[in-house]
Amino acid sequence: TVWEKHFAAHKAMNLGFGGDSTQHVLWRLEHGELDGLSPKVCVLLIGTNNARHSESSPEDIAAGVRAILDRLAAKCPQTKVLLLAIFPRGADANDPWWQRCEKINALLPALADGQRVHFADLNTAFLTSGGWLTKDFAPDLLHLSAKGYELWASALEPKLKALLAP
């Protein structure tokens with residue numbers, strides 16, 4: 001429902017897969033995903049599974065994101081990329097997974113050039129005024145609920161609109 005409401009009119013394509021890591025995205029890009037396509041904008045949100053399911057350093061994970069951006073530039077040089085901060089993991093900033101994601105997020109703005117690659121941290125959309133992630137928006141404190149997706153889409157929409165403007 002959220003997808004239809006916010007993105008269907010843009011002829012958007014969702015290539016996200018549960019459990020994805022930077023390596024999976026790179027593999028798909030190197031094996032035909034996006035071949036023959038030239039999207040106007042690509043929204044890239046990747047790295048949380050690397051943070052949780054590997055011992056890679058934040059720098060290694062950011063390097064994986066950089067590799068994806070480089071591959072996208074080679075395959076789709078006219079495509080603008082909106083690189084998003086990794087969503088929070090856990091209830092608040094005291095959670096070690098939240099902290100690990102924030103270390104990665106701190107490295108991501110440097111990957112944006114403001115021309116082709118743009119960075120946005122939309123995570124405050126999911127947080128209470130006290131800085132907590134609630135189960136109302138993310139029932140397992142990671143994956144978004146319908147309400148969480150609505151908040152994300154609403155925060156994402158003006159960024160996409162600006163990138164899609166002529």
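See the structure printed just above.
Description of the structure in this document. Everything quoted here is computed from the prediction, not taken from an experiment. (Residues numbered from 1 in each chain as written. Predicted model: local features only at pLDDT ≥ 70, side-chain atom pairs only at ≥ 80, totals over all residues. Heavy atoms only, no water.)

### Here we look at the environment of Leu160
As for its position among the elements, Leu160 is in helix H6 (residues 146-164). Setting aside its immediate chain neighbours within four residues, Leu160 contacts Phe7, Val41, Val43 and Leu82. (Helix = DSSP H or I, 4+ residues; strand = E, 2+ residues; numbered from the N terminus. Contact = heavy atoms within 4.5 Å.)

### Quick notes on the pattern of salt bridges
Taken as a whole, this structure holds six salt bridges when the rule is applied. Residue Glu33 pairs with Arg28 through a salt bridge whose shortest N-O separation is 3.2 Å. Judged by relative accessible area, Arg28 falls into the buried class, the value being 15%. With a shortest N-O distance of 2.8 Å, Asp136 and Lys147 are connected by a salt bridge. Here Lys147 lies in helix H6 and Asp136 lies in the loop between strand E3 (117-120) and H6, a separation of 11 residues in the sequence. You can call Lys147 partly exposed: its relative accessible area is 45%. Linked by salt bridges that have partners in common, Asp20, Arg28 and Glu33 make up one network. (Salt bridge = Lys/Arg side-chain N within 4 Å of Asp/Glu carboxyl O. Buried < 20%, exposed > 50% of the residue type's maximum accessible area, 1.4 Å probe, protein only.)

### Considering the state of the cysteines
Note on terminology: a disulfide is the covalent bond linking the sulfur atoms of two cysteines. Across all of its chains, the model carries zero disulfides by this definition. For the unlinked cysteine Cys42, the closest cysteine sulfur is that of Cys76, found at 7.8 Å. Overall, the relative accessible area of 17% leaves Cys42 in the buried class. (Disulfide = S-S within 2.5 Å.)

### Regarding the nonpolar core
Counting 22 residues, the largest nonpolar core has Leu44, Val65, Ile68, Leu69, Leu72, Val81 and Leu83 as its most contacted members. Broken down by secondary-structure element, the contributors of at least two residues to this core are helix H2 (22-30), strand E1 (41-44), helix H4 (58-75), strand E2 (80-84) and helix H5 (96-107). In terms of residue count, H4 provides more of this core than any other element does, five residues in total. Phe7, Trp98, Leu141 and Trp152 belong to the second-largest nonpolar core, a separate cluster that totals 20 residues. (Core = buried A, V, L, I, M, F, W, Y, C linked by side-chain atoms within 4.5 Å.)

### So, the packing of aromatic side chains
Following the criterion strictly, the structure yields four aromatic pairs and no others. Ring centres of Phe87 and Phe126 lie 4.9 Å apart, and the angle between their planes is 75°; this geometry places the pair in the edge-to-face category. In this pair, Phe87 is assigned in the loop between E2 and H5 and Phe126 in the loop between E3 and H6, connecting sequence segments 39 residues apart. Phe126 carries the same exposure label as Phe87, and that label is buried. Residues Tyr149 and Trp152 carry aromatic rings whose centres are separated by 6.0 Å and whose planes lie at 40° to one another, so their mutual orientation is tilted. You can see Tyr149 and its partner Trp152 sitting in helix H6, three residues apart, about one turn around the helix. On the basis of relative accessibility, which here comes to 38%, the residue Tyr149 falls in the partly exposed class. A connected cluster of aromatic rings, assembled from ring pairs, spans Phe87, Phe126, Tyr149 and Trp152. (Phe/Tyr/Trp six-rings, centres within 6.5 Å; stacked < 30°, edge-to-face > 60°.)

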